[in-house]
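Now for the letters of each chain:
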Amino acid sequence: MIKRITLLALLLALPASALFGQVESNFFYATMDLGSAQELYEEFPDDITIVRAVSGQAAVYMSPFAAHKLHDNILTHGPGYVYMPSRTAALSELKPLQAAAKSSFTYTLTESSLVEQALPLASAANIEARILNLQSYGTRYHNRGAATDAVYDLKTELEAEITAAGRDDISVRIVNHTGTPMPSLVVTIPGASLADEYVILGGHIDSTAPDRDNAPGADDNASGIATIMEVFRVLLEMDYRPKRTVEFMAFAAEEIGLVGSFEIAQEYNNAGTDVYAYVQMDMTNYNGSANDIYLMTDPYISSELNDFMFDLMDTYNASGEHAISYGTSICNYGCSDHFSWAQNGFDVAFPFEASFSGRNPNIHTSGDTYSVSGTANHALKFAKLGLEYILESAKNDLLSTRDFGRQAVQIGVSNSQLSYQLGTQGEFQKLSVFNVIGQQITTATIDNPQGTLSLGSLKSGVYIAVFESSRGGSVAKKFVIN
Ligand code: BES
Ligand code: ZN
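Residues numbered from 1 in each chain as written. Chains lettered and ligands numbered in written order. Predicted model: local features only at pLDDT ≥ 70, side-chain atom pairs only at ≥ 80, totals over all residues. Heavy atoms only, no water.

1. Things to note about the pairing of strand β2 (residues 48–54)
If a strand is regular, its side chains alternate between the two faces of the sheet.
Part 1 of the reasoning: Of all 7 residues in β2, 5 are buried; the element is thus mostly enclosed.
Part 2 of the reasoning: Across 6 bridges, the pairing between β2 and strand β3 (residues 57–62) is antiparallel. Bridging across to β3, Ile50 finds its partner in Val60.
Part 3 of the reasoning: Where β2 hands over to β3, the hairpin turn is made up of 2 residues, of which Ser55 adopts a positive phi near 50°. (Buried < 20%, exposed > 50% of the residue type's maximum accessible area, 1.4 Å probe, protein only. Helix = DSSP H or I, 4+ residues; strand = E, 2+ residues; numbered from the N terminus. Pairing = 2+ DSSP bridges.)

2. Some details on the packing of helix α7 (residues 124–135) against helix α9 (residues 218–237)
Part 1 of the reasoning: Packing of α7 against α9 leaves a shortest axis separation of 8 Å and a crossing angle of 135°. The angle between α7 and α9 falls in the class oblique. In this structure, α7 meets α9 at a crossing whose hand is right-handed. Residues Asn126, Ile127, Arg130, Ile131, Leu134 and Gln135 of α7 touch α9, and the partners they reach there are Ala218, Ala222, Ser223, Ile225, Ala226, Thr227, Met229, Glu230 and Arg233. (Axes fitted to C-alpha atoms, helices over the stretch in contact; angles between N-to-C directions. Parallel < 35°, antiparallel > 145°, perpendicular 65-115°, else oblique. Left-handed = near helix turned anticlockwise from the far one by under 90°. Contact = heavy atoms within 4.5 Å.)

3. Quick look at the confidence of the model for the chain
Part 1 of the reasoning: When pLDDT is averaged along the chain, the result is 87; 88% of the residues meet or exceed 70.
Part 2 of the reasoning: Note that residues 1–23 has pLDDT below 50 and, in this model, 26 contacts with residues that lie over four places away or in other chains. (pLDDT = per-residue confidence, 0-100.)

4. Some remarks on the coordination of the zinc ion (ligand 2)
Part 1 of the reasoning: Bound to the zinc ion (ligand 2) are the protein donor atoms Asp220 (OD), Glu255 (OE), Glu255 (OE) and His364 (NE2), situated 2.0 to 2.4 Å from the metal.
Part 2 of the reasoning: Here the zinc ion (ligand 2) binds 6 donor atoms, and the angle range of 59 to 154° at the metal identifies the geometry as irregular.
Part 3 of the reasoning: For the zinc ion (ligand 2), the donor residues sit on a single chain with the sequence spacing D-x34-E-x108-H. Separated by 109 residues along the polypeptide, Glu255 in the loop between β8 (244–251) and α10 (259–270) and His364 in the loop between β13 (351–352) and α13 (377–394) bring together distant segments of the chain. (Donors = N, O, S within 2.8 Å, 3.2 Å for Na, K, Ca; no water. Tetrahedral: all angles 85-135°; square planar, octahedral: opposite > 155°, others 65-115°.)

5. Brief notes about the packing of aromatic side chains
Part 1 of the reasoning: As enumerated under the stated definition, the model contains 23 aromatic pairs in all.
Part 2 of the reasoning: Among the aromatic residues, ring-to-ring pairing joins Tyr198, Phe251, Tyr268, Tyr278, Trp341 and Phe346 into one connected group.
Part 3 of the reasoning: Positioned over the ring face of Tyr276 is Arg244, at 3.8 Å from the centre of the ring.
Part 4 of the reasoning: The ring of Phe356 has Arg359 sitting right over it, with the charged end atom 4.2 Å from the ring centre. (Phe/Tyr/Trp six-rings, centres within 6.5 Å; stacked < 30°, edge-to-face > 60°. Lys NZ or Arg CZ within 6 Å of the ring centre and 35° of its normal.)

6. Some words on the side chain of Arg244
Part 1 of the reasoning: Mapped onto the elements, Arg244 comes out in strand β8.
Part 2 of the reasoning: Apart from residues lying up to four places away in sequence, Arg244 is in contact with Ile189, Gly191, Leu194, Glu197, Val199, Tyr276, Ser393, Ala394 and Lys395.

7. A word on the site of ligand 1
Part 1 of the reasoning: For ligand 1, the set of nearby residues contains 18 residues, the closest of which are Glu254, Asp282, Tyr333, Cys335 and His364.
Part 2 of the reasoning: Contact between ligand 1 and Asp220: an oxygen atom at 3.1 Å from a side-chain N or O atom of the residue.
Part 3 of the reasoning: A distance of 2.8 Å separates an oxygen atom of ligand 1 from a polar side-chain atom of His364.
Part 4 of the reasoning: Calculation on ligand 1 without its partners gives an accessible area of 520 Å², and the protein chains cover 96% of this total.
Part 5 of the reasoning: Of the residues belonging to the shell around ligand 1, the class tally is 8 nonpolar, 5 polar and 5 charged. (Near = heavy atom within 4 Å. Polar contact = N/O pair within 3.5 Å; in protein donor to acceptor, adjacent residues only side chain to side chain. Areas by Shrake-Rupley, 256 points an atom, 1.4 Å probe, with all protein chains shown as cover. Nonpolar A, V, L, I, M, F, W, Y, C, P; charged D, E, K, R; others polar.)

8. Digging into the side chain of Lys395
Part 1 of the reasoning: With respect to the element layout, Lys395 can be found in the loop between α13 and β14 (409–414).
Part 2 of the reasoning: Apart from residues lying up to four places away in sequence, Lys395 is in contact with Thr108, Leu109, Thr110, Glu111, Tyr240, Arg241, Pro242, Lys243, Arg244 and Ile390.

9. Focus: the sheet that holds strand β4 (residues 81–84)
Part 1 of the reasoning: Pairing within the open sheet is antiparallel, and its 4 strands lie in the order β2-β3-β1-β4. Every interior strand has two partners, whereas the edge strands, β2 and β4, have only one. Within the sheet, the average angular offset between the axes of one strand and its neighbour, ignoring direction, is 25°.
Part 2 of the reasoning: Alignment of strand β1 (residues 28–33) against β4, held across 4 bridges, turns out to be antiparallel. Each residue of the ladder has a partner; that of Tyr29, found in β4, is Met84.

10. Observations regarding the packing of helix α8 (residues 145–164) against α9
Part 1 of the reasoning: One can describe the packing of α8 onto α9 by two numbers: an axis separation of 11 Å at closest approach and a directional angle of 15°. The pairing of α8 with α9 is recorded here as roughly parallel in orientation. Along this stretch, α8 crosses α9, giving a crossing that reads as right-handed. On the side of α8, the interface is formed by Leu154, Leu158, Glu161 and Ile162, while α9 contributes Ile225, Met229, Phe232, Arg233 and Leu236.
Part 2 of the reasoning: Class assignment of the residues belonging to the contact of α8 with α9 gives a composition of 7 nonpolar, no polar and 2 charged.

Rendered as C-alpha cells:
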C-alpha cells in the first residue's frame, strides 16, 4: 500500500524514493524483465509492485523514481521497461507459455506400509546439520564463487552417499545455465515400470541480501534444500525403488528472478518430458503461524495436487508422533521456483512454513541465520510430507529388474521349522524348498514379511529355500540339516 503524505515539511525529510512514492498518480504500468523488476523491488520496495510475472517477464506498477533508477542500471546491464497505458494493457502483454497437453493429476493412496517405514527415519539433526553447512558458505548469491562451491560440494557429498548405499542406478548431475554463472544440481532415481513420468521435489540453493557477500540464507532457502536432501537420504536408507522417476533439484539464481528453475522447466517442457508432479520447498523452518504447513493456493497452483497433499496429511499426519496441522495461504505472485514449472504447464504445489504474512521476517538480510529458529523440528514436518509425496506419487516398484540386496531375505532353521524375515513387504509371494537334486520338498504362499514353514522330518543334507515374486524374480537361500 502506498501511503499519501500531504505535509510538505515531511517531504524534505524523506528519501527520494519516498518522495516519488507518495504521489500515487505519477505511478504507471509497464512491462520489463522479471530480474530487473525484482532487483528494483529489493532496493525500492515502495516504488514498484510486481503485478504479475510470466516467463521471465513482469507487469509492474512503478514510480518515476523507480523508472529513473532502472535507467541508471541499464547503462551497465539488463533491459529497460516498456510503458503501458493501463493495468490491462500491461497484463495482456504477458503471454503464458504454450503448455504441452498434459493429463491432469490423479492419485491414489496405496503405500501406507512404506510411508510408515519412512516417517520415523527422517531426522531433525540431519536437517540442522545441512542448514548450518549451507549457511557457513557466508553467501550463496548467484554470481559469487561460494554459491557455485556450495553446489559442487553438495554433489560430491551426495555421490559419496549414493556409492555407500551401493546404488549405481542413481545419478547426480550439474546443470549449467545461460542466465547465471551458478549451476543447478539434479539427483535422479530412475523409475522402473513408469520411468517416463517424473515426480520432482525442488528448491533454490542460492541466497540474497543487501550485502551480497553476507547472505547466509538459512531459512531462504538452506532449509528447503536441507529438507529435500533429508527426504532423499531416507529413501536411500530404505533402498527405495520407484515406479516413476524421482528427481530432487537444487536451483541456481532463484533470487534474481527464478533463473535456474525456469531454464530447467523450459527444457523439460521443450523435450516433452512428462512431469507428473512438482512440489517446491522454499522456507520450511520458521514456525511463524498457528499451523505447521500452509499450502499456497495461487491460481497457478494445481488444486488436484493440493488436494493430494491435504489427503496425505489427513491420512498420515492427523495425530500422534507425526502430526502436522495445516492451513492455506497465498503469495499473490510467482514467488518461487514452482512458478517456473507452472508456467511450463506442469502441476505444482508449494507447502510453506507459515501464512504469507507470518513468514520469517529475516529473509534477504544478513540476519537469516539458523539461530532464528534454533531447531529443525519445523522443517522435519516438511521432510515427512515430502516423503509421503514421493512415495505415494512415484509408488513402489515390486521387483521388476531389481537386484536384491543381501538383506532382502533372512532365514533360520530349528526344530524342523524354517523361519524367514523379508526386508521389503509384499515382494515375495511363494516359498519352496528343494533338495540339491532339484526335487521340491514343500511349498507355501507368503502372506507376511515374517513367518515359518514346517519342514517335516528331513534327512541330513543341504537344502535350498527359494522365495519367488509374482513378477519372475527369486532369491535362493541354502540351509543345512544336520
Ligand atoms: N523464498 C522466497 C519466496 C517467498 C517469500 C515465498 C515469502 C513466500 C513468502 C523467494 O526466495 C523469493 O525471495 N522470491 C522473490 C520473487 C522471485 C521472483 C525473485 C520474492 O518473493 O521477492
Ligand atoms: Zn528469497
